[in-house]
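So the chains spell out like this:
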Amino acid sequence: MKQILTLILLLVTLAAPAKIVQEEIHSDKMKRSIPCLIVLPDDYDTRCSYPVVYLLHGYGGNQNTWIRTKPSLNEIATRDSLIFVCPDGESSWYWDSPTQPQSQFETFVSHELTAYIDRHYATRACREGRAITGFSMGGHGGLWLSMRHPDIFGAGGSISGGVDIRPFPNNWKMKEQLGSYTEYPERWDAHTVINLLDSFPDKSLHIVIDCGYADFFYTVNQKLHYELLRRNIPHDYYNRPGRHTSDYSANALDYQLLFFNKYFESER
């Protein structure tokens, strides 16, 4: 009897999902697999349906950056009944690069990754159950992907994001993704968040933006805020003392999660 109980306990333990999962998720478009980290609630139950927050890292990071920046992600996932998904975005700026076929991260995150997560995890598999945000390069990605794919993401955010790339033509390997700014200015114009406002049709997207006063991206974030106001596009916008640091992003994420949770509740 004791052996049977031990075997049952072992089987239950093996069947229980790990709370922090590392996966290699295949991209058909890039013809390779991309490392991703998935954070589940402690009481994860496949009979439930959880909203998902996609967290994008900044330049120089990888799929583990957010769990290092915010070690409490598992506790937050449990408290708020969320799933966090953190893909490795390499140095892609979350574009489909016109110059590098192996760097097609817009398609990967917005279509291939979301479809995989919905197939393999207990999610609310609709725009009302998905939000996306990130820090720096990932802040650009959070708005770039949500504004271009509002049918996929119901809410999009940016923390200290590079929301206008054009003042920084020689930084962060962007010219490897797009070609040089001097040769391809129209390509740079077409791949920056602030210019999406010219054709942004969907005012139902819930947008949240945060940037510190001492951040080198502060000016471009202020400009984006004013353009959103001018066009009467609803959004939340936060400024606090702070620089372009992981400590600032860890703190800002708490406020963005309040925003996302309010959105998820409103759409139940």
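Here the structure is shown first, and the text comes after it.
Residues numbered from 1 in each chain as written. Predicted model: local features only at pLDDT ≥ 70, side-chain atom pairs only at ≥ 80, totals over all residues. Heavy atoms only, no water.

With that out of the way, let us pick up the side chain of Gln-100. Along the chain, Gln-100 turns up in the loop between strand S4 (83-87) and helix H4 (105-120). At a separation of 2.9 Å, a polar atom in the side chain of Gln-100 contacts the side chain of Gln-102. When near neighbours in sequence (up to four residues on either side) are disregarded, Gln-100 contacts Glu-176 and Gln-177. (Helix = DSSP H or I, 4+ residues; strand = E, 2+ residues; numbered from the N terminus. Polar contact = N/O pair within 3.5 Å; in protein donor to acceptor, adjacent residues only side chain to side chain. Contact = heavy atoms within 4.5 Å.)

This part is about the state of the cysteines. Counted by the stated rule, this structure contains 0 disulfides. We note that Cys-36 lacks a disulfide partner, and the nearest cysteine sulfur, in Cys-86, lies 8.8 Å from it. Of all cysteine sulfurs, the one in Cys-126 lies closest to Cys-48, which takes part in no disulfide; the gap is 15 Å. A relative accessible area of 39% means that Cys-48 is categorised as partly exposed. (Disulfide = S-S within 2.5 Å. Buried < 20%, exposed > 50% of the residue type's maximum accessible area, 1.4 Å probe, protein only.)

Once that is clear, we can look at H4. Largest kink in H4: about 30°, centred on Leu-113. For H4, the complete set of buried residues consists of Phe-105, Glu-106, Thr-107, Phe-108, Val-109, Ser-110, Glu-112, Leu-113, Thr-114, Tyr-116, Ile-117 and Asp-118. Where H4 is buried, its residues meet strand S1 (20-27), strand S2 (32-39), strand S3 (52-56), S4, strand S5 (130-134) and helix H5 (137-148). (Bend = angle between axes of the 7 residues up to and from the residue.)

Let's shift gears to the pattern of salt bridges. Taken as a whole, this structure holds 14 salt bridges when the rule is applied. In this structure, the salt-bridge partner of Arg-47 is Asp-45, at a minimum N-O distance of 2.8 Å. Three or more residues joined by partner-sharing salt bridges are found here, namely Asp-198, Glu-227, Arg-230 and Arg-231. (Salt bridge = Lys/Arg side-chain N within 4 Å of Asp/Glu carboxyl O.)

Let us look at the environment of Tyr-54. Position of Tyr-54 relative to the elements: it lies in strand S3. Tyr-54 gets classed as buried once you look at its relative accessible area, which sits at 0%. Along the chain, Tyr-54 and Asn-74 lie 20 residues apart, while their C-alpha atoms are 14 Å from each other. Setting aside residues up to four positions removed in sequence, Tyr-54 forms contacts with Val-85, Leu-113, Thr-114, Ile-117, Arg-130, Ala-131, Ile-132, Thr-133 and Phe-153.

Function-wise, these values are silent; they only describe arrangement.
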